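Here are the chains, one letter per residue:
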Amino acid sequence: MAIGYLAPACALSGDPTPLGVPLPPPSQPGSPAQPPSGDTIEAAPLPPVQSLPPVQTPPPAQVPLPTPQPGAGTVETLPGAATVASPAASPAPASAGDLGPDLWQSSEVSRLMGLIPKLPAPVSVPALSDLQRRVLTTAAPSAGASDVVDPLMPIRADKLHQMGFNDAAMGLSSAVPAASGPMDPQEAVEKALLANDTGYACQQVDSLQARPEAPSLFVQRAAIYCQIMRKQNDPASLGLDLLRERNDPDPATRDFIALAALANGETKRVPKSVAIPDPLNVALMKTVGMPAPNAIGAAPVVPVGAGGSVMIARDATRPLLQRVAAAEQAFKFGLIPDRELGDLYMQMPSGIADPATAIGMSDTVELRAQLYQAAYRGGAPAPKARAIDAALKKARQRGDYLNQAQLFGPLARDIAPVRELGWFAPEAARLMFVTGQADKGGYWLNTVAANPGIFTMPGEKEGLDLLGRIAGLPGGGDPVAAWAQASGTTNPRIDLFYALLAGLNQPVTSAVAGGFQAAPIIPLGSPSAEIVAAAAGKRRGEAIVLSLVGLGGDRAIAADPATLGAALRSIADLGLAEDSRRIASEIAALAGL
């Protein structure tokens, strides 16, 4: 039996209405758009758009801004923005830690230890990346946690590192309760040596020597080093003789004997090189005046991977162009906030990029920065809209639309939907739908409801109607069938869109629903069955992890429709309805709506 729903408001209003009453702007509450005459669709009018509050993006910690690069042009800092100098810092969105202390309740630790490594990484789909980060950084303990250790912590930290959240991973790795006792004594000695704290290092060596067990090779070497530092030359010489008698093939020990003999005054021969510069050997090299390299285990952090892009972006000593390119990469994976990338864009030299011709220009960092500057400084709605329109069209060309939508969404929200900007309506509606402003997206479509010539591609209007339904607009009928008929599309994405609607508890029945059923039979043992069972059992963390694994991160549009529907429905049922809808909207945009 078909279930009737209200028709999507974005497909209903005329411009002007049959009575000739002009469409009220969204700033006039209580004056909803009027539907066109005709007998095709009965619908409730779109609710009035309330005044939009300022963007509530939490600013990063306020720290001094880096010195602008010479020749970088005029620096214009975004309001409330600050370039964070710490190379390891990561943004901490307000939603962090909101998943509750019972996240892992009732889940077997061994099962979670097998599931978490299967999470995709890195992830550039903003909603999926955000939810996955929040799950991994939760303060909720697992069932196997004790006062000493939580067995999930190193696994979660490793996955965070793969995603690029290096600072969060390090924080999780070091979050060991004080009751767990001091660090490994050898590690304590090596860290003290690397910090040039010989006194503390030798105190730790003394405690190691006092133990009843036979001293390890490391302890023997460390004791000789401390004797040399304390001017106990004779005991140090005896210790070196014992090491020589061992005739140990270990190259680090051979290097140590040569360096210690020089430091103890037994020889004046300076070694030509040191094969193994471990902390003890580096400390001796400093003692004898040799150039000391970074010790093994203490090499400087090299910017690599997604997390490395954050370090480069925040390194004020690097060229500005290199920093901006790295910031774009970091922003793609959700590692820095939009205002940080915007601030770097504003530091780039001002250009003369014409939004009207930008679509045909070479896609460079300079062009992207100039379009952002034009949108930020646009002033009047029309110039700002043209810059945003050009930037988003370029983003779709290079497959970076979702991330650029997060960047330009805050700049577009203060542009009122009016007929004079009808050419911008399709792009503006899509942007609003993807960034959680469904009502305003509907108003943008209302402004051109009577002007179908605005839509240049077959099925574009129907596709935006469908995207609006997924984003949260009310409606009825079968928007997937309408889009498929108008666009001439017959491919597996039809099943994907039906799965998105079903996952949002908006199932439709249609003769063209392909192989997907709104209430499919779920085979036992399938990913869908595992997700549903975990959610039904209130194993919240397990259900979310299973859902994220099933969705597949950046490959979400290739996910099994049944798994997709089960994942979205379970995430919503666990109290994360906004996350579920945001994920569905972004997947729909990825699929081409």
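All figures in this text were calculated on a predicted structure; none of them were measured in a lab. (Residues numbered from 1 in each chain as written. Predicted model: local features only at pLDDT ≥ 70, side-chain atom pairs only at ≥ 80, totals over all residues. Heavy atoms only, no water.)

### A few points about the overall build of the protein
Within the protein one finds 26 helices and zero strands. Counting across all 593 residues of the protein, residues that qualify as buried make up 48%. Contacts spanning at least 24 positions in sequence make up 65% of the contacts within the protein whose residues lie at least 6 apart. (Helix = DSSP H or I, 4+ residues; strand = E, 2+ residues; numbered from the N terminus. Buried < 20%, exposed > 50% of the residue type's maximum accessible area, 1.4 Å probe, protein only. Contact = heavy atoms within 4.5 Å.)

### Some details on the nonpolar core
Membership of the largest hydrophobic core comes to 118 residues, with the highest contact counts inside it found for Ile388, Ile470, Phe497 and Leu500. When sequence neighbours within four positions are dropped, the list of residues in contact with isoleucine 388 reads Ala375, Phe408, Leu411, Ala412, Ile415, Phe424 and Leu431. (Core = buried A, V, L, I, M, F, W, Y, C linked by side-chain atoms within 4.5 Å.)

### Quick look at the packing of helix α15 (residues 365-377) against helix α17 (residues 401-412)
Here α15 crosses α17 at 20 degrees, and the two axes come no closer than 10 Å. In terms of orientation, α15 and α17 fall into the roughly parallel class. Crossing of α15 against α17: the hand is left-handed. The segment α15 lies against α17, with Leu371, Tyr372, Ala375 and Tyr376 engaging Leu407, Phe408 and Leu411. Along the lines of polarity and charge, the residues of the contact of α15 with α17 split into seven nonpolar, no polar and no charged. (Axes fitted to C-alpha atoms, helices over the stretch in contact; angles between N-to-C directions. Parallel < 35°, antiparallel > 145°, perpendicular 65-115°, else oblique. Left-handed = near helix turned anticlockwise from the far one by under 90°. Nonpolar A, V, L, I, M, F, W, Y, C, P; charged D, E, K, R; others polar.)

### Let's talk about α17
Burial of α17 is extensive: 10 of the 12 residues sit out of reach of the surface. What α17 keeps buried is the set Tyr401, Leu402, Asn403, Gln404, Ala405, Leu407, Phe408, Gly409, Leu411 and Ala412.

### Re the packing of helix α23 (residues 527-536) against helix α25 (residues 561-573)
Two elements in contact, α23 and α25, have axes separated by 8 Å at closest approach and are oriented at 10 degrees. Of the possible angle classes, the one that applies to α23 and α25 is roughly parallel. On the side of α23, the interface is formed by Pro527, Ser528, Ile531, Val532 and Ala535, while α25 contributes Ala562, Thr563, Ala566, Ala567 and Ser570.

### Some details on helix α7 (residues 217-229)
Along its 13 residues, α7 runs 19 Å from first to last C-alpha, staying within 8% of the 18 Å computed at 1.5 Å per residue. Most of α7 sits inside the fold, with 10 of its 13 residues counted as buried. Along α7, the positions that sit buried rather than exposed are Phe218, Val219, Arg221, Ala222, Ala223, Ile224, Tyr225, Cys226, Gln227 and Ile228. Tucked into the core, α7 has its buried residues touching α5 (185-194), α6 (198-209), α8 (233-246), α9 (251-263) and α10 (279-288). (Expected span 1.5 Å × (residues − 1).)

### Brief notes about the state of the cysteines
The full count for this structure, using the stated rule, is one disulfide. Here cysteine 202 pairs with cysteine 226 through a disulfide, and the sulfurs are 2.2 Å apart. One disulfide, between cysteine 202 and cysteine 226, carries an S-S torsion of -100 degrees and so falls in the left-handed class. You can see cysteine 202 sitting in helix α6 and its partner cysteine 226 sitting in helix α7, a full 24 residues away along the chain. (Disulfide = S-S within 2.5 Å.)

### A short note on the environment of glycine 488
Mapped onto the fold, glycine 488 is located in the loop between α21 (479-487) and α22 (493-503). Given the relative accessible area of 57%, glycine 488 is considered exposed.

### Topic: the packing of aromatic side chains
Counted according to the given criterion, the structure contains six aromatic pairs. When the centroid spacing of 5.6 Å and the interplanar angle of 40 degrees are considered together, the rings of tyrosine 345 and tyrosine 372 count as tilted. Highlighted residues: tyrosine 345 in helix α13 (residues 338-347) and tyrosine 372 in helix α15, separated in sequence by 27 residues. Both residues of the pair, tyrosine 345 and tyrosine 372, count as buried. Linked through ring pairs, Tyr345, Tyr372, Tyr376 and Phe408 together constitute an aromatic cluster. When the ring centre of tryptophan 423 is taken as reference, the NZ or CZ atom of arginine 386 above it lies at 4.2 Å. (Phe/Tyr/Trp six-rings, centres within 6.5 Å; stacked < 30°, edge-to-face > 60°. Lys NZ or Arg CZ within 6 Å of the ring centre and 35° of its normal.)

### Let's talk about the pattern of salt bridges
Tallied over the full model, the rule gives 26 salt bridges. The salt bridge involving arginine 539 is made with glutamate 542; its shortest N-O contact spans 3.0 Å. Take glutamate 542: its relative accessible area is 2%, and that puts it in the buried class. (Salt bridge = Lys/Arg side-chain N within 4 Å of Asp/Glu carboxyl O.)

### Quick word on the side chain of arginine 430
By the element assignment, arginine 430 lies in helix α18 (residues 425-434). For arginine 430, a relative accessible area of 6% corresponds to the buried category. Residues contacting arginine 430, with those up to four places away along its chain left out, are Arg396, Tyr401, Glu460, Leu464, Leu467 and Leu593.

### Points about the side chain of serine 580
Mapped onto the fold, serine 580 is located in helix α26 (residues 577-590). Since its relative accessible area comes to 1%, serine 580 is described here as buried. When near neighbours in sequence (up to four residues on either side) are disregarded, serine 580 contacts Gly503, Leu504, Leu568, Ile571 and Ala572.

### A closer look at the confidence of the model for the protein
Chain-level statistics for the protein give a pLDDT mean of 76 and a share of 75% at 70 or above. Confidence drops under pLDDT 50 across residues 176-182; counting only partners more than four residues distant or on other chains, this segment forms five contacts. Across residues 297-301, where pLDDT falls below 50, the model places four contacts with residues more than four positions away in sequence or in other chains. (pLDDT = per-residue confidence, 0-100.)

### Remarks on the environment of valine 365
Summarising the element assignment, valine 365 is placed in helix α15. Given a relative accessible area of 12%, valine 365 falls into the buried group. Along the backbone, valine 365 and valine 324 are 41 residues apart, and their C-alpha atoms lie at a distance of 7.4 Å.

### Some remarks on unusual backbone geometry
The omega angle of the peptide bond from alanine 121 to proline 122 is -10 degrees, so this bond is cis rather than trans. With respect to the helices and strands, the residue proline 122 is situated in the loop between α1 (109-115) and α2 (126-136). Even without being glycine, lysine 231 reaches a positive phi, approximately 65 degrees. Note on placement: lysine 231 falls in the loop between α7 and α8. Taking relative accessible area as the criterion, lysine 231 reaches 67% and is therefore assigned exposed.

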